[in-house]
Amino acid sequence: MKNVCGVDGIDPETQVVHSIGSKAALTILPACFINPGDVALMTTPGYPVFGTHARYYGGEVHNIPLLERNGFLPDLNSIPSEKLKRAKTLVINYPNNPTGGSATPQFFAEVVAFARKHNLIVIHDAAYAALVFDGKPLCVSGHPGRDGRRDRAALDEQGV
Ligand SMILES: Cc1ncc(COP(=O)(O)O)c(C=O)c1O
């Protein structure tokens, strides 16, 4: 996290769990978070594994389209309120497979604010984070606000 995304302050003893790959992690995570009736927010086209397993636990998937006209970023305001009320997780994947879209710091700021407002767990599938040709790898975990306690000051500064 530090070397690729520049994310400091993660405690390897209490905040890191190993998996044998991103796919394995995405299959196991719904067991931690998804109960019957919960909604998993996903993006489409995309890597569907988290959603497949969320359904195994009685969850429902709401897919947000990734459109070229939006830079292949999801329009978070398009989520119907009935789904949002039951939403537990938001899965994003950047750099994105298969669109090739890249996230921006502004988008991550929007995601963090949205997740805090709607009490969502953000899962950033960063399988391709190290694979950038312009700029630096970006990771939502490096964004102020990911940790409510530690980053309050940074959020206050941004007015989030
Ligand atoms: C977006 C995305 N996430 C996760 C994976 C799975 O990666 P891993 O080989 O680490 O299990 C893939 C593999 O195609 C992928 O495209």
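For the structure itself, look to the data block above.
Residues numbered from 1 in each chain as written. Predicted model: local features only at pLDDT ≥ 70, side-chain atom pairs only at ≥ 80, totals over all residues. Heavy atoms only, no water.

**Q** Please clarify how the overall build of the chain should be interpreted in this entry.
**A** Counting its regular elements, the chain contains 6 helices and 4 strands. Walking the chain from its N terminus toward its C terminus, one meets helices and strands in the order α-α-β-α-β-α-β-α-β-α. Within the chain, the fraction of its 160 residues that count as buried is 35%. Relative to all contacts within the chain whose residues are 6 or more apart in sequence, the contacts with residues 24 or more apart total 58%. Surface exposure of the chain reaches about 9300 Å², of which carbon and sulfur atoms provide 54%. (Helix = DSSP H or I, 4+ residues; strand = E, 2+ residues; numbered from the N terminus. Buried < 20%, exposed > 50% of the residue type's maximum accessible area, 1.4 Å probe, protein only. Contact = heavy atoms within 4.5 Å. Areas by Shrake-Rupley, 256 points an atom, 1.4 Å probe, with all protein chains shown as cover.)

**Q** When you look at the site of the ligand in this model, what are you seeing that I'm missing?
**A** Within the structure, the ligand sits among Gly 21, Ser 22, Lys 23, Tyr 47, Asn 93, Asn 97, Asp 125, Ala 127 and Tyr 128. At 2.8 Å, a backbone N or O of Ser 22 approaches an oxygen atom of the ligand. One of the backbone N or O atoms of Lys 23 is found 2.8 Å from an oxygen atom in the ligand. In isolation the ligand offers 400 Å² of accessible surface; the protein chains occlude 71% of this area. Looking at the shell around the ligand residue by residue, the classes come out as 3 nonpolar, 4 polar and 2 charged. (Near = heavy atom within 4 Å. Polar contact = N/O pair within 3.5 Å; in protein donor to acceptor, adjacent residues only side chain to side chain. Nonpolar A, V, L, I, M, F, W, Y, C, P; charged D, E, K, R; others polar.)

**Q** For this particular structure, what's the right way to read the sheet that holds strand β4 (residues 121-125)?
**A** Hydrogen bonds along the backbone pair up the strands of a sheet, which may run parallel or antiparallel. Spatial ordering of the open sheet is given by β2-β1-β3-β4, a layout of 4 strands whose pairing is parallel. Across the chains shown, the open sheet's two edge strands, defined by having one partner strand only, are β2 (60-65) and β4. Taken pair by pair, the neighbouring strands of this sheet meet at an average axis angle of 25°, ignoring direction. Each of β1 (39-44), β2, β3 (87-93) and β4 touches helix α3 (residues 49-56); the most contacted strand, β1, lies at about 155° to it. (Pairing = 2+ DSSP bridges. Axes fitted to C-alpha atoms, helices over the stretch in contact; angles between N-to-C directions.)

**Q** Please clarify how unusual backbone geometry should be interpreted in this entry.
**A** Most peptide bonds adopt trans geometry, and most residues besides glycine take a negative phi value. The peptide bond linking Thr 44 to Pro 45 adopts the cis configuration, its omega dihedral lying at 0°. Relative to the helices and strands, Pro 45 is located in the loop between β1 and α3. Residue Pro 98 is bonded to the preceding Asn 97 through a cis peptide linkage, with omega at 15°.

**Q** Even after reading the chapter, I still don't get the layout of surface pockets, so can you show me in this structure?
**A** Think of a ball as big as a water molecule: rolled over the atoms, this probe shows where empty space is left. A volume near 300 Å³ is recorded for the second largest pocket. Its residues assigned to classes, the lining of the second largest pocket comprises 9 nonpolar, 6 polar and 2 charged. (1 Å grid on protein atoms, 1.4 Å probe; cavity = no way out; pocket = protein on both sides within 12 Å on 5 of 7 lines; lining within 4 Å. Points joined across faces, edges and corners; volume = space filled by probe spheres on them.)

**Q** Is there a simple way to explain the packing of aromatic side chains in this structure?
**A** Each pair of aromatic rings is reported with the distance of its centres and the angle of its planes. Counted according to the given criterion, the structure contains 2 aromatic pairs. Measuring from centroid to centroid gives 6.0 Å for Phe 107 and Phe 108, while their planes differ by 40°, and the two rings are tilted. Residue classification places Phe 108 among the buried positions, given a relative accessible area of 2%. Of the aromatic side chains, those joined through ring pairs into one cluster are Tyr 94, Phe 107 and Phe 108. (Phe/Tyr/Trp six-rings, centres within 6.5 Å; stacked < 30°, edge-to-face > 60°.)

**Q** It is not clear to me how helix α2 (residues 22-33) should be interpreted in this structure. Could you clarify?
**A** A turn of α-helix holds 3.6 residues, and therefore any two residues three or four places apart point the same way. For α2, which comprises 12 residues, the first-to-last C-alpha distance of 17 Å matches the rise-based estimate of 16 Å (1.5 Å per residue) to within 8%. What α2 keeps buried is the set Ala 24, Leu 26, Thr 27 and Pro 30. (Expected span 1.5 Å × (residues − 1).)

**Q** How should I be thinking about the packing of α2 against α3 in this particular structure?
**A** Relative orientation of the contacting elements α2 and α3 amounts to 30°, with a least axis distance of 8 Å. Considering the angle they form, α2 stands roughly parallel to α3. When the axes of α2 and α3 are compared, the crossing they make is right-handed. Along the contact surface, α2 presents Lys 23, Leu 26, Thr 27, Leu 29 and Pro 30, while α3 presents Val 49, Phe 50, His 53 and Ala 54. Within the contact of α2 with α3, the residues separate by chemical class into 6 nonpolar, 2 polar and 1 charged. (Parallel < 35°, antiparallel > 145°, perpendicular 65-115°, else oblique. Left-handed = near helix turned anticlockwise from the far one by under 90°.)

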